[in-house]
Amino acid sequence: MLVSALYLVVCRVLELIVLVVRGDRAKDFEILVLRHELSILRRQAGRPRFEAQDRLLLAALSRMLPRRSWSAFSVQPETLLQWHRRLVARRWTYPHRRPGRPPIGPEVRELVVRLARENPSWGYQRIVGELHKLGVAVSGSSVRNILVAAGLPPAPQRNRQCWRNFLRAHGESILACDFFTVDTVWLRRLYVLVFISIGNRRIQYFAITSKPDTIWMLQQARNLIMDLDDHERPVRFLIHDRDAKFPRAFDALLASETIKVIRTPVRAPNANAHMERWVGSVRRECLDRLLILGRR
């Protein structure tokens, strides 16, 4: 914009020098011709559009001409004065700054949220103190506003135990089991009993039969206990649904080995979600792609 304005000023100065050299009679005729052409253009053309450099030049020239000569301009005198006031305001207006404290950067916000999530027992002042050790200066109210915006409650509520944290802490001592069926080529149905570890998502023990009666279930409970003893795995809880194939004697045998059986609610597969997801994976990735001939 500045370069364009200087260019226009230089061009107009050169034109002014040429007019000074020329005679008054020629200049008067040229002014009449230009005024007539300007009137013709005003009748035909629409509203003109002025660039920033045009406004600057017209505003500067308006200060050199007397007010009675402003009729030569294609704009109203009020418009010229408005352009001049705008230039003055732009010259003396300082950059706008928001009142109050400067905003907190996204890096600091991410750090505050990370400290709160990884340390649920830390309060606002504890997080402020840890940030001061890292050279980050924030206030307790700023930390509170950041955590509220991230959907994180204060420390007593954030430190509250949930099922996910409970299973993560005690997953090594929890087993889940369930039945799923497989139909062979000869339309014979087989029942597969699977035990999965909640902690490492590995299959601890499984067995297959065509008649899952009480005697067979008790034998599988003994086999499971021996397998746990061989691997020296302390198991405290076993989760299974309320299927009739799990007899009371099966639960009592496990309870005698200090394994508490937890029955899921009625029609609540999400209560045994680890087992349900594993069964779905086995069907999609293996059993649905094979023809099963028999138990082996």
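Further up the page is the structure itself.
### Concerning the overall build of the protein
What the protein contains, in helices and strands, is twelve helices and five strands. Counting all 296 residues of the protein, 30% fall into the buried class. Considering only contacts within the protein whose residues lie at least 6 apart along the sequence, 54% involve residues at least 24 apart. Put simply, the protein shows about 21,700 Å² of open surface, and 56% of that area lies on carbon and sulfur atoms.

### Quick word on helix H10 (residues 214-230)
For an α-helix the count is 3.6 residues per turn, leaving residues at separations of three or four pointing the same way. With 17 residues, H10 should reach 24 Å at 1.5 Å per residue; the first-to-last C-alpha distance of 25 Å fits that figure. Listing the buried residues of H10 in full gives Trp 216, Met 217, Leu 218, Gln 220, Ala 221, Asn 223, Leu 224, Ile 225, Asp 227 and Leu 228. If you follow the buried residues of H10, they end up packed against strand E1 (174-183), strand E2 (189-197), strand E3 (203-209) and helix H11 (248-255). Immediately downstream of H10, the backbone of Glu 232 shows phi near 55°, a positive value.

### A closer look at the pattern of salt bridges
For the coordinates displayed, the defined rule picks out seven salt bridges. Put simply, Arg 126 and Glu 130 hold a salt bridge, and the shortest N to O gap is 3.1 Å. Remark: Glu 130 and Arg 126 occur in helix H6 (residues 124-133); sequence separation between them is four residues, near one turn of the helix. Linking Arg 263 and Asp 251 is a salt bridge whose minimum nitrogen-to-oxygen distance equals 2.9 Å. Placement of Arg 263 in strand E5 (residues 260-263) and of Asp 251 in helix H11 is noted, with a sequence separation of twelve residues between them. Put simply, Arg 126, Glu 130 and Lys 133 are held in one network by salt bridges that share partners.

Parameters at a glance
Residues numbered from 1 in each chain as written. Predicted model: local features only at pLDDT ≥ 70, side-chain atom pairs only at ≥ 80, totals over all residues. Heavy atoms only, no water. Helix = DSSP H or I, 4+ residues; strand = E, 2+ residues; numbered from the N terminus. Buried < 20%, exposed > 50% of the residue type's maximum accessible area, 1.4 Å probe, protein only. Contact = heavy atoms within 4.5 Å. Areas by Shrake-Rupley, 256 points an atom, 1.4 Å probe, with all protein chains shown as cover. Expected span 1.5 Å × (residues − 1). Salt bridge = Lys/Arg side-chain N within 4 Å of Asp/Glu carboxyl O.

So, to be careful, I would describe these as geometric facts and stop short of saying anything about function.
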